[in-house]
Amino acid sequence: MTASIDVAGYLRRLRLPEPVGAAPSAESLFALHRAHAELVPYETLEIWLGRPTTVEPSDSVRRILRGRGGYCFHLNGAFSALLTALGYRVTRHVGGVQGNAERPAGATGNHLVLTVEGLPSVAAPEGRWLVDLGMGDGLHEPLPLTPGAFRQGPFAYALSESIAEPGGWRFDHDPRGSFLGMDFRGGPAEMTAFTEMHEFLSTSPESGFVRALAILRRDATGCDILRGLNLSRLGESETRTLLDRPADWFTAVTDVFGIPLDDVTAAERDALWRRLTEAHEQWLAREADQS
């Protein structure tokens, strides 16, 4: 069972009023999802600062209230706690992000997915929705949990029954997205199902989160993306800027992604910048070898 959370504080973080006495609705779910995607970034900064985190939703909520974000286990874990506290019928699922066609599809456990039931609308007559804030450049709004093609801003998505996970679902990302797709199981999951994978993703040298720092923020017209020292904006077109000065990089983290860095000491900033520049040089070397 998830511990109680500061619902009022969470809603203030999302710049939304507290829905006193209001019943859950599809309209409110959309408002919550949009605000979360725009104001709470997908980020792996804590890993690069050497600060361990847990998958416990109440811990993730507290970090979000301090102005930070996280990746899928944190973002969807915290959001599921908020939705539950607000009276929504939310279910957590084991999922798996497929980075490219060379990797197998399936619910590998590297992703936490949410679905919400009981909110029928014209778009979702059965009242079931895919809710996912943990895909970085993925959803801005919930998707009806029904097979079909969908468009959100500049990105095209698709949902279908999963071949890799019978009884589950497959999400296909826009071809310009950061990954190929995602599968998830139909049954419910406890947060303990993600503990081992979280440990791997946050500590293993083989983890992409350890090899490259990532911060992403989705909005209605696209996504801001910081990978290492490269800042890009992906929308109808794409722009990219190399942030090779520490002042520019740290300013972008705060101004573009809304992450306060007042708890990061000067020594931590220096150490982080050294790691970032070393990783960038290694990336350039790999690119040169492949060219």
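Calculation rules
Residues numbered from 1 in each chain as written. Predicted model: local features only at pLDDT ≥ 70, side-chain atom pairs only at ≥ 80, totals over all residues. Heavy atoms only, no water. Helix = DSSP H or I, 4+ residues; strand = E, 2+ residues; numbered from the N terminus. Buried < 20%, exposed > 50% of the residue type's maximum accessible area, 1.4 Å probe, protein only. Contact = heavy atoms within 4.5 Å. Areas by Shrake-Rupley, 256 points an atom, 1.4 Å probe, with all protein chains shown as cover. Arc of directions from axis to C-beta. Phe/Tyr/Trp six-rings, centres within 6.5 Å; stacked < 30°, edge-to-face > 60°. Pairing = 2+ DSSP bridges. Core = buried A, V, L, I, M, F, W, Y, C linked by side-chain atoms within 4.5 Å. Polar contact = N/O pair within 3.5 Å; in protein donor to acceptor, adjacent residues only side chain to side chain. Salt bridge = Lys/Arg side-chain N within 4 Å of Asp/Glu carboxyl O.

Asks: Any chance you could explain the overall build of the protein here in plain terms?
Replies: From N to C terminus, the protein includes 9 helices and 13 strands. Counting over 291 residues, the protein shows a buried share of 52%. Here the analysis covers contacts within the protein between residues at least 6 apart in sequence; of these, 57% occur between residues at least 24 apart. Approximately 13500 Å² of the protein is accessible, and the part contributed by carbon and sulfur atoms is 53%.

Asks: Even after reading the chapter, I still don't get helix α6 (residues 195-203), so can you show me in this structure?
Replies: Residues separated by three or four positions in an α-helix point in the same direction, a consequence of the helix having 3.6 residues per turn. Restricting attention to buried positions, one finds in α6 the residues His198, Leu201 and Ser202. Taken end-on, α6 shows its buried residues confined to a sector of 90°, consistent with a single buried face. Against the buried residues of α6 lie α3 (45-48), α5 (72-85) and α7 (208-211).

Asks: What's the story with the packing of aromatic side chains in this structure? I'm lost.
Replies: A ring pair, where both rings are aromatic, is described by two values, the distance of the centres and the angle of the planes. Applying the stated criterion across every chain, the model contains 8 aromatic pairs. Summarising the aromatic geometry, the rings of tyrosine 71 and phenylalanine 73 are spaced 5.7 Å apart at their centres and angled 55° between planes, so their arrangement reads as tilted. Both residues of the pair, tyrosine 71 and phenylalanine 73, belong to the buried class. Here phenylalanine 171 and phenylalanine 179 contribute two aromatic rings whose centre-to-centre distance is 6.5 Å and whose plane-to-plane angle is 40°, an arrangement assigned as tilted. For phenylalanine 171, a relative accessible area of 0% puts it in the buried group.

Asks: Mind showing me how you'd approach the sheet that holds strand β13 (residues 238-242) here?
Replies: Sheet strands pair by backbone hydrogen bonding; their relative direction is either parallel or antiparallel. Taking strand neighbours across the sheet as the criterion, the 5 strands line up as β1-β10-β11-β12-β13 in an open arrangement whose pairing is antiparallel. Edge positions in the sheet fall to β1 (42-43) and β13, since each has one partner strand and no second. Note that β1 and strand β10 (residues 214-219) share 2 bridges and pair antiparallel. Opposite glutamate 43, over in β10, you have isoleucine 215 as the bridge partner.

Asks: Looking at this structure, I do not really get the pairing of strand β7 (residues 155-161). What am I missing?
Replies: Within a regular strand, the side chains alternate between the two sheet faces. Here 5 bridges tie strand β6 (residues 148-152) to β7, and the two strands are oriented antiparallel to one another. Directly across from arginine 151, in β7, lies its bridge partner alanine 156. Where β6 folds back onto β7 in an antiparallel hairpin, the turn is made up of 2 residues, including glycine 153, whose phi is positive at roughly 60°.

Asks: Is there a simple way to explain the nonpolar core in this structure?
Replies: When a protein is soluble and globular, its nonpolar side chains tend to lie buried together. In terms of nonpolar packing, the biggest core is built from 85 residues, with Leu82, Phe171 and Trp249 touching the most fellow members. Of all the elements, α5 adds the most residues to this core, at 8 residues.

Asks: I would appreciate a short explanation of the environment of arginine 63 in the present structure.
Replies: With respect to the secondary-structure elements, arginine 63 resides in helix α4 (residues 57-65). For the pair arginine 63 and glutamate 281, spaced 218 residues apart in sequence, the C-alpha to C-alpha distance is 31 Å. Among residues more than four places away in sequence, those in contact with arginine 63 are Glu46, Thr53, Arg68, Gly69 and His74. One polar contact links arginine 63 to histidine 74, side chain to side chain, over a distance of 3.4 Å.

Asks: Even after reading the chapter, I still don't get the pattern of salt bridges, so can you show me in this structure?
Replies: Here the idea is simple: oppositely charged side chains can pair when their charged atoms come close. Counted under the stated rule, the structure contains 20 salt bridges. As a salt-bridge pair, glutamate 46 and arginine 68 come within 2.8 Å of each other at their nearest N and O atoms. One end of the pair, glutamate 46, is in helix α3; the other, arginine 68, is in the loop between α4 and α5, and 22 residues separate them in sequence. Look at arginine 68 and you get buried, because its relative accessible area is 3%. With a closest N to O distance of 3.1 Å, aspartate 219 and arginine 217 form a salt bridge. Its relative accessible area of 12% is what places aspartate 219 among the buried residues.

Asks: I would appreciate a short explanation of the environment of glycine 99 in the present structure.
Replies: Here glycine 99 is to be found in the loop between β2 (89-98) and β3 (111-117). It is 21 Å that separates the C-alpha atoms of glycine 99 and glycine 148, two residues lying 49 residues apart in sequence. With sequence-adjacent residues up to four places away left out, glycine 99 is seen in contact with Phe179 and Leu180.

Asks: Where do I start with the pairing of β13 in this structure?
Replies: Bridge count between strand β12 (residues 230-234) and β13: 5 bridges; the pairing is antiparallel. Looking at the pairing, leucine 234 lines up with glutamate 238 of β13. Hairpin connection of β12 to β13: 3 residues between the antiparallel strands.

As far as function goes, none of this settles anything; it's purely spatial.
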